[in-house]
There are 2 protein chains.
Amino acid sequence: MSKKVPYRIYLTEEQMPKQWYNLRADMKEQPDPMLNPATMQPIKAEDLYPVFCEELAKQEMDETTRYFDIPGEVLDFYKMYRPSPLIRAYNLEKALDTPAKIYYKFEGNNTSGSHKLNSAAAQTYYAKKQGLTGLTTETGAGQWGTAMAEACAFFKIPLTVYMVKCSYEQKPFRRSVMQTFGAEVIASPSPTTKAGQAILENDPQTGGSLGCAISEAVEKAVSTEGYRYVLGSVLNQVLLHQSIIGLETKAALEMLDEYPDIIVGCAGGGSNLGGLIAPFMQDKLLGKASPRIIAVEPASCPTLTRGLYAYDYCDTGKITPLARMYTLGSGFVPSPNHAGGLRYHGMSPILSKLYADGYLEAVAVEQTKVFEAATFFAKHETILPAPESAHAIRTAIDEALYCKETGEAKTILFGLTGTGFFDLTAYDAFLNGTMTDYIPSDEDLEKGFAQLPKVPSLK
Amino acid sequence: MSKKVPYRIYLTEEQMPKQWYNLRADMKEQPDPMLNPATMQPIKAEDLYPVFCEELAKQEMDETTRYFDIPGEVLDFYKMYRPSPLIRAYNLEKALDTPAKIYYKFEGNNTSGSHKLNSAAAQTYYAKKQGLTGLTTETGAGQWGTAMAEACAFFKIPLTVYMVKCSYEQKPFRRSVMQTFGAEVIASPSPTTKAGQAILENDPQTGGSLGCAISEAVEKAVSTEGYRYVLGSVLNQVLLHQSIIGLETKAALEMLDEYPDIIVGCAGGGSNLGGLIAPFMQDKLLGKASPRIIAVEPASCPTLTRGLYAYDYCDTGKITPLARMYTLGSGFVPSPNHAGGLRYHGMSPILSKLYADGYLEAVAVEQTKVFEAATFFAKHETILPAPESAHAIRTAIDEALYCKETGEAKTILFGLTGTGFFDLTAYDAFLNGTMTDYIPSDEDLEKGFAQLPKVPSLK
């Protein structure tokens, strides 16, 4: 049975995008400005220089430059693991008996196990170019820390990773990977920073939190000569770098003369979703096409579907700038959902604005339904997905099943962000029936909302 | 800096090989026949039917059919994760400052994490076609078991995996992956077989062995209606299926107008090496080319470099047919080297014969040197290699450094069989300096040789 569309579509090296696309350049209204936490006034690029390297601070603030050239050194780095395949899910389609055509862009075929490497390579390159002598970051689940360790090993710049202590202890292999690439990995909270010392003094047995790890990483960066801090999601610069996902996808679909009716991506801080949808959202903003674009989040951390669109801190430690975004409150502690990468109280300001303006839909799904989809997918497509990615699989399957009901042969595209090799405790819990779902009550959410910062109204 | 050869070379689906290549068809002398352990007489295909499915038993015995058509269903399965990339190691070359050109064929981008899926798909397909109702196998490190679990989930045939008990306990995540794909995983020795019961009665606390797991898997297969047994290495049929690796590699190199001067592969039972070199060895056998072909084995398990070319059992339980091969004796217990996939006392009879006839070189390397190479490779090529694969990396680097000395711009090809995500305990040991090397003494080897079976001389 010969098929017109191959299972896996790879661009050639020459066909690879040479520029990143900045979605803000085509947005009719911009996201509200970030605020300096000290003054509560809109932040300027220079305000960010002590924390981020200058080129990245400029990218963070740039609302008008539509395309940024990808530096040659970053392109060469990308060529070691990109282009990633766009895969036609023939076997999933057959198993679902759906008339829908399903495509997925698979970002898991690199050692970081996810799309995170796309921005890590870019951020590390700019840091090296500026002559910085070191970088700091934090990691929870570990993908971002691993991606940064890979990039820093390659560009030869020291990296210190503050890893949330309970992850450090529960995922020792993630730590080992980072160390193999030469990164210094410190369990957070640690005695190496004032922030860590204070927390340890208060609670010596704490397992740590992402908020605390961010505080330590930022403190280490700003207090060490020649160091800066890097972050793997939420930021505008990260969405810019991740646009490579969507640009490659669109180029591959064009070769097949295809255009998606529905685009599905999981959403934690928004790095993957923002990258995947970028060029399709451009079409939507410019009135050239009108695909449905669906963000999928965990029911246990329903930022878009049940959060408020408000100014909030990006971290639980309240030391970062404030962004206007969908948020559950920086004090909201999501239940221990197994999709660690989606347990974030906020959402990319760009995606938040697009959602507020109706360009984006959102659904929240329960994790047992997510792992049901993950297991079904693995058996038919042979890839073991990360729990985060499986949120997108769940919704893609639901849409394909809806097509079966209606008989519509829609084209569905979803982002498969990564692999689940370090998430097998979660698969075990699903298999042995001990996995539970948790949906926060309205009261739970009210508590988070009550802690939102008061922000003076801006002109 | 534009480069003629891309970093990653993928064949298109149309360019993928449609046939497997049977090296035996071009060998001037055949490997000696396998012997029936009951009669010590050459085995016939029918003798194998109770254990292997018929099509595979025929492939096992076939010395004359040069090419076998890959069934459409297997080709379709391959398309979910193949073609695998041939990668030009530009960054490794640069880091080594060598005039050599280095290419590697990367087989790790699938959920089994190695090349094992190539034969698992084929064996499972033929089993399903024969109408079998179940399969059994054993697994040590876990790659083969995972590959079989993936294939059996896809072709919808039940699978029972006997997993060496110490691996079962030390690598629970490998077990979880297999279970996620629906396989039944049993710690071996187990009370489910007579072989297991006997061993447990003798030593209830034993951690098991591959030999014992094979005995249990075979017993379960032959004692269950409609069941057969499958094996992931050593066998002729496995080398046949794995020829897809070499055929793809050669097709990709031809597109680049390249031919390797040196081909390097790690060798445990020979499944990867035999597959990688197949079409190049054909050229050598037919006098069309004369690449150096190097098998790399652990110094702790030096089958080719220090073993005897003799008839021996393929398992430690002495229930399998005997093969004439390089062997350390089926009673030889290798030290706990971290490259579990290379801890095998014997070697593919085909590769053994080619080595005996001088078509193949072999080197043995110590594991600390192997992990040094693995870490260096990871930092420059971003891929975390499996310890097994890193044996080939070690020798490829050594050859590239030798080119630096001599100034020769040789073309080196090596096989990167898989990823090291489940081997981080080993990387930890290397990083913290607790990894040791072990080289068996001549006395150790003599003990193994003394146990070789007495075989009546054949005509």
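As the structure is a prediction and not an experimental result, all values here were calculated from the model.

(A) Representation of the nonpolar core in the model. Trp20 and Phe414 of chain A together with Trp20 and Phe414 of chain B are the most contacted members of the largest nonpolar core, which has 237 residues in total. Of all hydrophobic cores here, the second largest spans 24 residues; its members include Val164, Ala217, Tyr229 and Met325 of chain A.

(B) Layout of the pairing of strand β10 (residues 262-266) of chain A. All names here are of chain A. Where burial is concerned, most of β10 is hidden: 5 out of the 5 residues are buried. Covered by surrounding structure in β10 are Ile262, Val264 and Cys266 together with Ile263 and Gly265, the residues of both alternating faces. In the sheet, β10 pairs with strand β11 (residues 292-298) via 5 bridges, with the strands oriented parallel. Note that in β11 the partner of valine 264 across the bridge is isoleucine 294. Bridge count for β10 against strand β15 (residues 411-416) is 3 bridges, and the pairing is parallel. The partner of valine 264 across the bridge, within β15, is phenylalanine 414.

(C) Up close: the side chain of serine 300 of chain B. All names here are of chain B. With respect to the helices, strands and loops of the structure, serine 300 is situated in the loop between β11 (292-298) and α13 (303-306). Given a relative accessible area of 4%, serine 300 falls into the buried group. If sequence neighbours within four positions are ignored, serine 300 has contacts with Phe332, Pro334, Ser335, Asn337, Tyr438 and Pro440.

(D) Up close: the relation of the copies chain A and chain B. Rotating chain A by 180° and moving it 0.0 Å along the rotation axis overlays it on chain B with an RMSD of 0.0 Å. On the angle and the small slide along the axis, the relation comes out as a two-fold axis. Judged by C-alpha distance, asparagine 109 of chain A is the residue of chain A that lies nearest the rotation axis, at 2.9 Å. Looking at the interface residues of chain A, 100% of them are also at the interface in chain B, so both copies use one shared face.

(E) Main features of the domain arrangement of chain A. All names here are of chain A. Partitioning chain A into structural domains gives domain 1 (9-15 + 74-113 + 239-449) and domain 2 (32-69 + 116-229). In this complex, domain 1 contributes 32 residues to the contact, which on the side of domain 2 involves 40 residues. Here domain 1 and domain 2 share an interface that buries about 3,000 Å² over both sides, 63% of which is from carbon and sulfur atoms. Joining domain 1 to domain 2, the criterion identifies 2 salt bridges. Put simply, aspartate 423 and lysine 171 hold a salt bridge, and the shortest N to O gap is 3.7 Å. The tally of links from domain 1 across to domain 2 stands at 13 residue pairs in polar contact (both at pLDDT 80 or more). Breaking the side of domain 1 that touches domain 2 down by element, the ones donating at least two residues are α3 (72-78), α11 (236-255), α12 (271-285), β12 (308-313) and β13 (322-327). A total of 5 residues in the side of domain 1 that touches domain 2 trace back to one element, the largest contributor, which is α11. Partitioning the side of domain 1 that touches domain 2 into residue classes produces 16 nonpolar, 10 polar and 6 charged.

(F) Fine view of empty space enclosed by the protein. Taken as a whole, this structure holds 6 cavities of 30 Å³ or more when the rule is applied. One number sums up the size of the largest cavity: a volume of about 220 Å³. Taken together, 24 residues make up the lining of the largest cavity; nearest its centre are Gly108, Asn109 and Asn110 of chain A together with Gly108 and Asn109 of chain B. For the lining of the largest cavity, a count of residues per class yields 10 nonpolar, 12 polar and 2 charged.

Cut-offs used in this document
Residues numbered from 1 in each chain as written. Chains lettered and ligands numbered in written order. Predicted model: local features only at pLDDT ≥ 70, side-chain atom pairs only at ≥ 80, totals over all residues. Heavy atoms only, no water. Core = buried A, V, L, I, M, F, W, Y, C linked by side-chain atoms within 4.5 Å. Buried < 20%, exposed > 50% of the residue type's maximum accessible area, 1.4 Å probe, protein only. Helix = DSSP H or I, 4+ residues; strand = E, 2+ residues; numbered from the N terminus. Pairing = 2+ DSSP bridges. Contact = heavy atoms within 4.5 Å. Least-squares fit on C-alpha atoms with pLDDT ≥ 70 in both. Domains from an automatic or database assignment. Buried area = accessible area lost by both parts, 1.4 Å probe. Salt bridge = Lys/Arg side-chain N within 4 Å of Asp/Glu carboxyl O. Polar contact = N/O pair within 3.5 Å; in protein donor to acceptor, adjacent residues only side chain to side chain. Nonpolar A, V, L, I, M, F, W, Y, C, P; charged D, E, K, R; others polar. 1 Å grid on protein atoms, 1.4 Å probe; cavity = no way out; pocket = protein on both sides within 12 Å on 5 of 7 lines; lining within 4 Å. Points joined across faces, edges and corners; volume = space filled by probe spheres on them.

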